[in-house]
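Report on the structure
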Amino acid sequence: MKGIADARITRVPRQDFLIFGQPLIGEDEIAEVVETLRSGWIGTGPRAKRFEQMMLDYTGGKNAVALNSCTAALFLSLVALGIGEGDEVITTPMTFAATANSIVHTRARPVFVDVIRETMLIDPSLIEKSITPRTRAIMPVHLAGRPCAMDEIMRIAGKHGLFVIGDAAHAIEAQQHGQCVGALGDAGCFSFYATKNVTTAEGGMVITHDPKLAEKIRIMSLHGMSADAHLRFGSSGYRHYDVLLPGYKFNMTDLQAALGIHQLGRVERAWARRNEIWNYYRSNLAHLPLILPAEDEPGTRHARHLYTIIVDQKQCGKSRDQVLQALKEENIGAGVHYTALHLHSWYRTKFGFRAGDFPNAEWIGERTLSLPLSAKLSDTDVEDTIAALYRILF
Ligand SMILES: *Cc1c(COP(=O)(O)O)cnc(C)c1O
C-alpha cells in the first residue's frame, strides 16, 4: 500500500488542464451532422423522428417528443398535465436549478423534501408528510444516475392521486427491475446537454406511455400548431396549420438529432467505460479519508453519470472548496453537484428557506465534489486524478 501511495504522490503532475465533463464525439456524429447540413433539412424532421424512435427502443417507452432541453421537457410535462398557479409539486433540493425552476415557470410552488444522506436521493418516507390538498405531482431526480426508490414513490403517488414526472437528466441508462427508471411514471424527462451521458450539445426528450399527453407536448413545443414543419413543407405537399393554443418554441432540430442518433448508438459502450472508471475510483480511493458513493441498491442499475465523493473536513482536514482549489492547481477539473437549491438567493428570498430546513441536502451540498467521469477519459487521465487526490489528501 505504502509503495502505491508513494508512487502516486511522486507521479509527475499533469501539464494540461483536464476539462470536467467532456463529451466523446465520434466520426459518425461528425459525418451525420455534415450530411444533415447538405440534405437541405436542418430543422425538426426525419432525423428527430429517428432519434425519438431510437429512444423508445432503448427505454422501452411508448411515446417520445424530442425537445431543445430537459428543462423544456420538465416544464411542458407539467403544463400538459394541467399543473399551474395554486398547485404544489414535490421535489428534492439536491438537484440542478432547472428541476425546480421548471415548476416555478408554471407558477406552481416547488415543495422540497430532504434527501437520504447516503444515496443523496429524495427520501420517500418524508414525501407523505409534505402532501397537501394542493399537491399535484412528485418530481423525483435520479441524481448522479442512481435510481430513486420508484416502487415507493409510485405507491405514494397512486395512493394520493399524484402525477410522477421523473427528472432523468443523469439517468438514461439507469434501471430498476430491468426497466428504464426514466420512463416510469406519467412523464420521464431526459437531457442531452453537452456534459450528459448522451449529448446533442443542447437537447431533451419526454417519454410517456400516454399518447394524448405526448401529442399535447408536441403541439405546445412548436407554437401550438396542429401540424409540424415536416408535414407542412414535406413531400406530401403544403398543409395549412391551425394554432390550437399559444405554444412555445422548444423543438429539437435535425442537426441536434444527427448527433443524438450516433451518441445513442454508442450509449452502452460509453456506459461500460464509465463503469470501468467508476470501479477503478472505488478500489483506488478507498484508502483516502473520503466518503465514496454508496453501493448500488439491489435490483438496480446505476447510470454512472457522476462520481461524487464527500469531503468532510473533520475526517480529512480539508474543506471541499480547499480540495476543489487544490485539484485545479493539479490541472484536474472537478464539479459540484450540487449546493442545496433551497439556499440559493431567489429560493431563499421568494420562499423564505433557511439553513437547517433540509439538513441532509445541506450536509451534502457543503461536502460533495464530482471527479471527472467521461467515456473520453484515458487511463492516464484517471491515474492523474487519483494521484492528485493522493497528493492532496494522503
Ligand atoms: C442538466 C440537468 C437538467 C436540465 O437539462 P437541460 O437539458 O440543460 O435543460 C435538469 N435536471 C438535472 C438534474 C440536470 O442535471
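The following paragraphs examine the structure supplied in this document. For clarity, every value in this text was computed on a predicted model and none was experimentally measured.

The subject of this paragraph is the pattern of salt bridges. A side chain of one charge can pair with a side chain of the opposite charge if their charged atoms are brought near each other. Scanning the model with the defined rule gives 24 salt bridges in all. In this structure, D384 engages R14 in a salt bridge whose closest nitrogen and oxygen atoms are separated by 2.9 Å. Of this pair, D384 sits in helix α16 (residues 379-393) while R14 is found in the loop between α1 (2-9) and α2 (27-39), placing the two residues 370 residues apart along the sequence. Of the two residues, D384 and R14, neither departs from the other in class, the shared state being buried. For R273, the salt bridge identified is with D379, shortest N-O distance 2.9 Å. Linking R273 in helix α11 (residues 267-284) with D379 in helix α16, this pair joins segments that are 106 residues apart in sequence. One network of salt bridges, in which partners are shared, links R11, R14, D16, D381 and D384.

Quick look at the packing of aromatic side chains now. Two numbers describe a pair of aromatic rings. These are the distance of the centres and the angle of the planes. What the rule picks out here adds up to 16 aromatic pairs. A ring pair is formed by F112 and F358, whose centres lie 6.1 Å apart and whose planes are at 80°; its orientation type is edge-to-face. Residue F112 is located in strand β3 (residues 109-112), and its partner F358 is located in the loop between α14 (345-351) and α15 (359-367); the two are separated by 246 residues in the primary sequence. Here a set of aromatic residues connected by ring pairs shows up, and it is made of F112, W346, Y347, F351, F353 and F358. One cation-aromatic arrangement involves R117 over W363; the distance from NZ or CZ to the ring centre is 4.1 Å.

Our next topic: the packing of helix α4 (residues 70-80) against helix α8 (residues 211-221). For the pair α4 and α8, the least separation of the axes is 9 Å and the interaxial angle reads 120°. Taken together, the axes of α4 and α8 lie oblique to each other. For the pair α4 and α8, the crossing hand works out as right-handed. Where α4 approaches α8, its residues L76, S77, V79 and A80 are matched on the opposing element by L213, K216, I217, M220 and S221. A class-by-class count of the residues in the contact of α4 with α8 yields six nonpolar, two polar and one charged.

A word on the sheet that holds strand β1 (residues 63-67). Strand pairing within a sheet occurs via backbone hydrogen bonds; the two strands may be parallel or antiparallel. Taken together, the seven strands give an open sheet; going across it, the order is β1-β9-β8-β5-β4-β2-β3, and neighbouring strands pair in mixed fashion. Each edge of the open sheet is held by one strand with a lone partner, namely β1 and β3. Across the sheet, the axes of successive neighbouring strands diverge by a mean angle of 25°, strand direction being ignored. Pairing analysis gives two bridges linking strand β4 (residues 135-138) to strand β5 (residues 163-167), with the strands arranged parallel.

Turning to its location among the elements, T208 is positioned in strand β9 (residues 204-208). Judged by its relative accessible area of 2%, T208 falls in the buried class. A polar contact is formed between the side chain of T208 and the backbone oxygen of D186, at a distance of 2.8 Å. Contacts of T208, omitting those with residues within four sequence positions, involve K62, N63, D186, A187, L213 and A214.

Now for the layout of surface pockets. What the largest pocket holds in volume is close to 600 Å³. Around the largest pocket, the lining comprises 40 residues; the ones closest to its centre are Y193, T195, K196, N197 and H305. Those elements giving two or more residues to the lining of the largest pocket turn out to be α4, α5 (97-105) and α11. Examining the composition of the lining of the largest pocket, we find that three residues originate from one element, α4, more than from any other. In terms of residue class, the lining of the largest pocket is built from 17 nonpolar, 17 polar and six charged.

In the neighbourhood of the ligand, 16 residues make up the surrounding shell, with T71, D167, H170, S191 and K196 lying closest. Within the side chain of D167, an N or O atom sits 2.7 Å from a nitrogen atom of the ligand. For the ligand, an oxygen atom lies 3.1 Å from a polar atom in the side chain of Y338. In the complex, 93% of the free accessible area of the ligand, which totals 380 Å², lies under the protein chains. Spatially, the ligand is embedded in the largest pocket.

Each value, and the rule that gives it
- Residues numbered from 1 in each chain as written.
- Predicted model: local features only at pLDDT ≥ 70, side-chain atom pairs only at ≥ 80, totals over all residues.
- Heavy atoms only, no water.
- Salt bridge = Lys/Arg side-chain N within 4 Å of Asp/Glu carboxyl O.
- Helix = DSSP H or I, 4+ residues; strand = E, 2+ residues; numbered from the N terminus.
- Buried < 20%, exposed > 50% of the residue type's maximum accessible area, 1.4 Å probe, protein only.
- Phe/Tyr/Trp six-rings, centres within 6.5 Å; stacked < 30°, edge-to-face > 60°.
- Lys NZ or Arg CZ within 6 Å of the ring centre and 35° of its normal.
- Axes fitted to C-alpha atoms, helices over the stretch in contact; angles between N-to-C directions.
- Parallel < 35°, antiparallel > 145°, perpendicular 65-115°, else oblique.
- Left-handed = near helix turned anticlockwise from the far one by under 90°.
- Contact = heavy atoms within 4.5 Å.
- Nonpolar A, V, L, I, M, F, W, Y, C, P; charged D, E, K, R; others polar.
- Pairing = 2+ DSSP bridges.
- Polar contact = N/O pair within 3.5 Å; in protein donor to acceptor, adjacent residues only side chain to side chain.
- 1 Å grid on protein atoms, 1.4 Å probe; cavity = no way out; pocket = protein on both sides within 12 Å on 5 of 7 lines; lining within 4 Å.
- Points joined across faces, edges and corners; volume = space filled by probe spheres on them.
- Near = heavy atom within 4 Å.
- Areas by Shrake-Rupley, 256 points an atom, 1.4 Å probe, with all protein chains shown as cover.
- Sits in = over half its atoms within 2 Å of the grid points.

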